[in-house]
Amino acid sequence: MTDDTLGWMSVPLAIVAGTFRGSAPFLFVSLGECLTEKAGKINLGLEGTLLTGAMTAYAVSYLTKSPWLGVLAAGLAGVGLGLIHAWLSQRPRVSDVAVGIAMIIFGSGIAFFFGKAFIQPKAIPLPVFELGNWSSYPQVQDALKISPLLLIGIVIAPVMQWFFSSTRWGLYVRAVGDSPSAARAMGISVVGVRTGAIVAGSFLAGIGGASLSLYYPGLWSERISSGQGLMAVALVIFARWQPIHCLWAALLFGGAQAIGPSLQAVGISSYRYLFNAAPYIMTLIITIATCSPRRTLSGSPGALGTNE
Amino acid sequence: MSPIYIPRRKFIRGAIATAAFGATSQLWAGCTEQAPTNTANTGAPSTSGSPAAALLTIGFVYVGPKDDFGYSQAHYEGETAIAKLPNVKTVSEASVAETATVQETMLSMINQNNVSALFPTSFGYFDPHILKVAAANPKVQFFHCGGMYTEGKHPKNIGSYYGYIDEAEYVAGVVAGLTTKTGKLGFVAAKPIPQVVRNINSYTLGARSVNPKVTVQVIFTGDWSVPVKEAEAANSMVDQGVDVLTCHVDSPKVVMETAEKRKIFCTGYHANQSKLAPNGYLTGAEWDWTSVYTQYVEWFKAGKSVTDGGIPHLVRGGLKEKFCKVSPFGSAVSAATKKEAEKVLAKFMDGSMVIYAGEIKDNTGKVVIAKGKEYKQTDLDLEKMDWFVEGVIGNVKS
């Protein structure tokens, strides 16, 4: 087996593998947030939704022996939290950012409370597609074990892009997000469209959680999300509210996660704090680079953050 | 905005409610003051009195969940064992952050549960949280795991206990060194602190004592519990040809499961993880807090306390003193390996084994422990370790 090692070549391979393994949660949460923000509301609570989704998926998969039921249940748990956020954040004079922060605490509290019993049991993980069998390297074979959830996410991104640009419902969502008063004049129910967008977005975020607990790293632990839900919110800004860009951004963040460990694995341990913090540093840089008090970002939904 | 208008009746009602709340808090405060007298009863020699009065209440605080297959679970197993002893009651809280929250937890255990002794188990609880609460509650005894009690500097009612689990790591290293086919072992570590470094070094020395060609690759994840990074670290080491993985993080679950998934071997840490990797689990370094906590309860019952020096401020021990143990060998361990490991284990048990006996070089080639020099486990130099032995790939300082 010693001859099979790839040496430093394993660093790019590990980053590619890390991209495939770890980007699904970023992708689902950012797509969900993209949909929500397109309708003019921010849902910071997706971090809590991610945790609740992860816990629900793990618990249901363990209890029913069916990981796919777990994925569905995670989505539905997301819908539940989404309904609360949609209702609260559309009360008069209520800030959606504040509600979002409360929802992070609520979602993680729910997940920790019900998740206590599921820390130890072993749930059935999701099946994987083994696309690497053509290679004789076990490392390559393992890197190309792709989660079906990632593939579903990759399909959703262009579909959502098309939905916004070419469908009537997509137009409604954009109208509500850009100019609620114009949308009202058109006879669109702003509250209805926003509720739908927030709930659907939370459904996606819940599924992102299922990817964490049922695929990678594949267990339920209270620290499982490590801030990925919040990072995904920054990622939407980076992606300029374009679902297809969310896909690229999510893959980038998934890969960034693997940089630190894979460099240390080949013996490069200098600056390990810097490399380990790569995803967080990227979030920070993106936030600083893209947020300016003086101008609105191109692509930003007009009503975002206006409480209109 | 119009000025706030409060109807008079509402105001009176509110005032009454506030007064009532204030009155009850006063009662509460009354309770608080009684607590230390109670604890004095249990802690002091009155144990010889009526058995009902001698009920010992002991508090435990954990940083993680009680069933994480890791650090907190190991302590919880100790708590469960002493809770079964006569006249002992335990109270505990899990998943308490290393922030001011832990002070609240400790205070409520002191004030509401009348605990006479507290075991806040996580490393980060010590400074400043335990120091602060201990100074304000001199009649309660505090025992901290892994901490560094300094005579004269810290409140007298603080004790520290820790085990030389690196002895069990040494044995695990022997098993790993004899089982590996690639000669590459992997170690997922949380932070470069002396306890972690010492485990890595002992593991490496154990492996190289039976197989001098072995190397140990270290990856620091940066924190005690970051599941995604731990999985990423484990996977990238397997990609590098590592075929035995071990770790020093709060919950070894991720590393063990990843090793099993990638069909390589693993050795555990903190608690027995053989269930997580039925094929690849070789052995592991486990804590044996049951025996440590039972010892403490015996001291308490004999009327001893750390405050007056009846219980030593520093309690330490290794395999021989039953502070730690080695997991039962897994199915992948060959008979010859088992024999070799048991030989080393026996040397630890009779006290003749010294891990840090010169000449030992660090991984830059510098001699750190000269020939003929021996560091016994109790040596304080070992508790300050900041170098890796030869054979470790990685460095302590980034």
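The structure displayed is predicted, hence computed values, not measured ones.

*Asks:* Honestly, the overall build of chain B in this entry has me stumped. Any pointers?
*Replies:* Scanning chain B from terminus to terminus reveals 10 helices and 17 strands. A fraction of 68% describes how many contacts in chain B between residues 6 or more apart in sequence connect residues 24 or more apart.

*Asks:* It is not clear to me how the overall build of chain A should be interpreted in this structure. Could you clarify?
*Replies:* Assigned secondary structure in chain A consists of 13 helices and 2 strands. For 308 residues, the compact-globule formula gives about 19 Å, and the C-alpha radius of gyration of chain A, at 20 Å, lands near that figure. The C-alpha extent of chain A, read off along each of the three principal axes, is 70 × 45 × 35 Å. A total of 308 residues make up chain A; the buried ones form 56% of that total. Taking the contacts inside chain A whose residues are at least 6 apart along the sequence as the reference set, 77% of them involve residues at least 24 apart. Of the roughly 12,500 Å² of accessible surface on chain A, 71% is carried by carbon and sulfur atoms. Within chain A, the 11 negative side-chain charges are centred at a point lying 10 Å from the centre of the 18 positive side-chain charges.

*Asks:* What is the right way to read the packing of helix H6 (residues 148–166) of chain A against helix H11 (residues 243–265) of chain A from this model?
*Replies:* A pair of packed helices is characterised by two quantities: the angle between their axes and the separation of those axes. All names here are of chain A. In the contact formed by H6 and H11, the axes pass within 7 Å of each other and the chain directions differ by 155°. Judged on the interaxial angle alone, H11 and H6 are roughly antiparallel. Contacts from Ile154, Ala157, Pro158, Met160, Gln161 and Phe164 in H6 reach Pro243, Ile244 and Leu247 in H11. In the contact of H6 with H11, the residues fall into 8 nonpolar, 1 polar and no charged.

*Asks:* Looking at this structure, I do not really get empty space enclosed by the protein. What am I missing?
*Replies:* Taking a probe equal in size to a water molecule and rolling it over the atoms shows the remaining empty space. Tallied over the full model, the rule gives 2 cavities of 30 Å³ or more. Taken as a whole, the largest cavity encloses approximately 190 Å³ of empty space. Along the wall of the largest cavity there are 16 residues; nearest its centre are Tyr71, Phe123, Trp224, His248 and Asp250 of chain B. Of the pockets and cavities examined, the second largest cavity occupies roughly 70 Å³. Surrounding the second largest cavity, Ser226, Gln228, Met231, Gln257, Pro279 and Tyr280 of chain A together with Val226, Val228 and Lys229 of chain B form its lining. Listing elements by their share of the lining of the second largest cavity, those giving two or more residues are helix H10 (228–238) and helix H13 (278–290) of chain A together with helix H7 (227–239) of chain B. Here the residues of the lining of the second largest cavity are counted per class, giving 5 nonpolar, 3 polar and 1 charged.

*Asks:* Can you help me understand the pattern of salt bridges in this one?
*Replies:* Here the idea is simple: oppositely charged side chains can pair when their charged atoms come close. As enumerated under the stated definition, the model contains 12 salt bridges over all chains in all. When the shortest N-O distance is used, the salt bridge between Arg21 of chain A and Glu232 of chain B registers 2.6 Å. With Arg21 of chain A in helix H1 (residues 10–38) and Glu232 of chain B in helix H7, the pair connects residues from two separate chains. Judged on exposure class, the residue Arg21 of chain A and its partner Glu232 of chain B are both buried. Each of Asp142 and Lys145 of chain A together with Asp239 and Arg262 of chain B takes part in a single network of salt bridges with overlapping partners.

*Asks:* I keep staring at the interface of chain A and chain B and nothing clicks. Help me out?
*Replies:* A common way to state how big an interface is: give the accessible area lost once the parts meet. Each partner contributes to the interface: chain A provides 43 residues, whereas chain B provides 40 residues. Of the roughly 3,600 Å² buried between chain A and chain B on both sides combined, carbon and sulfur atoms contribute 52%. Note that Arg223 of chain A is salt-bridged to Asp223 of chain B, the shortest N-O span being 3.7 Å. Joining chain A to chain B, the criterion identifies 14 residue pairs in polar contact (both at pLDDT 80 or more). Secondary structure elements with two or more residues in the side of chain A that touches chain B: H1, helix H5 (138–143), H11 and helix H12 (272–276) of chain A. When residues of the side of chain A that touches chain B are assigned to their parent elements, the largest contribution, 6 residues, is made by H11 of chain A.

*Asks:* When you look at the environment of Arg262 of chain B in this model, what are you seeing that I'm missing?
*Replies:* For Arg262 of chain B, the position within the fold is in the loop between helix H8 (253–261) and strand S9 (265–270). Along the primary structure Arg262 of chain B and Val238 of chain B are separated by 24 residues, whereas in three dimensions their C-alpha atoms are 7.4 Å apart. Not counting the four nearest positions on each side in its chain, Arg262 of chain B is found in contact with Arg21, Gln139 and Asp142 of chain A together with Asn235, Val238 and Asp239 of chain B.

*Asks:* Sorry, what's going on with the packing of helix H5 (residues 166–179) of chain B against helix H10 (residues 335–349) of chain B here?
*Replies:* Residues and elements named next belong to chain B. Across the interface, H5 lies against H10 with an axial gap of 9 Å and an inter-helix angle of 160°. Viewed along their axes, H5 and H10 adopt a mutual orientation that is roughly antiparallel. Relative to H10, the crossing made by H5 is right-handed. Between H5 and H10, the residues in contact are Glu167, Tyr170, Val171, Val174, Val175, Leu178 and Thr179 and Thr337, Glu340, Ala341, Val344, Leu345 and Phe348, respectively.

*Asks:* Could you clarify how one ought to interpret the sheet that holds strand S6 (residues 184–189) of chain B in this entry?
*Replies:* Within a sheet, adjacent strands bond to each other through the backbone by hydrogen bonds, running parallel or antiparallel. Residues and elements named next belong to chain B. Strand order in the open sheet formed by 7 strands is S12-S10-S9-S8-S6-S7-S17, and the pairing between neighbours is mixed. In this open sheet, the two strands that pair with only one neighbour each are strand S12 (324–326) and strand S17 (392–393). Here strand S7 (residues 215–220) runs beside S17; their pairing, made up of 2 bridges, is parallel. Bridged to Gln217 within S17 is Ile393. In the packing of helix H6 (residues 194–210) onto the sheet, contacts are made with S6, S7, strand S8 (244–248), S9 and S17, and the angle to S6 comes to roughly 170°.

*Asks:* Can you help me understand H1 of chain A in this one?
*Replies:* For an α-helix, 3.6 residues make a turn, and residues three or four places apart therefore share a direction. All names here are of chain A. Its 29 residues place the ends of H1 39 Å apart at the C-alpha level, agreeing with the 42 Å of an ideal helix rising 1.5 Å per residue. When the local axis directions of H1 are compared, the greatest deviation, roughly 50°, occurs at Ser23, which is followed within four positions by the proline Pro25. Directly beyond the C-terminal end of H1, a positive phi value near 95° is found at Gly40.

*Asks:* What exactly am I supposed to notice about the state of the cysteines here?
*Replies:* By definition, a disulfide links the sulfur atoms of two cysteines through a covalent bond. All names here are of chain A. Applying the stated criterion across every chain, the model contains 0 disulfides over all chains. With no disulfide partner, Cys246 has as its closest neighbouring cysteine sulfur the one in Cys34, 4.2 Å distant. Since its relative accessible area comes to 0%, Cys246 is described here as buried.

*Asks:* Help me understand the sheet that holds strand S11 (residues 314–317) of chain B, please; the structure alone is not making it clear to me.
*Replies:* Residues and elements named next belong to chain B. On the basis of which strands lie adjacent, the open sheet formed by 6 strands has the order S2-S1-S3-S4-S5-S11 and parallel pairing. A single partner strand is all that each edge strand has here, and the edge strands are strand S2 (88–93) and S11. On average, adjacent strands in this sheet sit at an angle of 20° to one another, irrespective of strand direction. Pairing of strand S4 (residues 141–145) with strand S5 (residues 158–163), which is carried by 4 bridges, proceeds in the parallel orientation. For Phe142, the partnering residue across the bridge sits in S5 and is Ile158. Those strands touched by helix H4 (residues 126–136) are strand S3 (117–120), S4 and S5, and its axis lies near 170° from that of S4.

What counts and what doesn't
Residues numbered from 1 in each chain as written. Chains lettered and ligands numbered in written order. Predicted model: local features only at pLDDT ≥ 70, side-chain atom pairs only at ≥ 80, totals over all residues. Heavy atoms only, no water. Helix = DSSP H or I, 4+ residues; strand = E, 2+ residues; numbered from the N terminus. Contact = heavy atoms within 4.5 Å. Rg over C-alpha atoms; globule rule 2.2 N^0.38 Å. Buried < 20%, exposed > 50% of the residue type's maximum accessible area, 1.4 Å probe, protein only. Areas by Shrake-Rupley, 256 points an atom, 1.4 Å probe, with all protein chains shown as cover. Lys, Arg positive; Asp, Glu negative; His and termini not counted. Charge placed at Lys NZ, Arg CZ, Asp CG, Glu CD. Axes fitted to C-alpha atoms, helices over the stretch in contact; angles between N-to-C directions. Parallel < 35°, antiparallel > 145°, perpendicular 65-115°, else oblique. Nonpolar A, V, L, I, M, F, W, Y, C, P; charged D, E, K, R; others polar. 1 Å grid on protein atoms, 1.4 Å probe; cavity = no way out; pocket = protein on both sides within 12 Å on 5 of 7 lines; lining within 4 Å. Points joined across faces, edges and corners; volume = space filled by probe spheres on them. Salt bridge = Lys/Arg side-chain N within 4 Å of Asp/Glu carboxyl O. Buried area = accessible area lost by both parts, 1.4 Å probe. Polar contact = N/O pair within 3.5 Å; in protein donor to acceptor, adjacent residues only side chain to side chain. Left-handed = near helix turned anticlockwise from the far one by under 90°. Pairing = 2+ DSSP bridges. Expected span 1.5 Å × (residues − 1). Bend = angle between axes of the 7 residues up to and from the residue. Disulfide = S-S within 2.5 Å.

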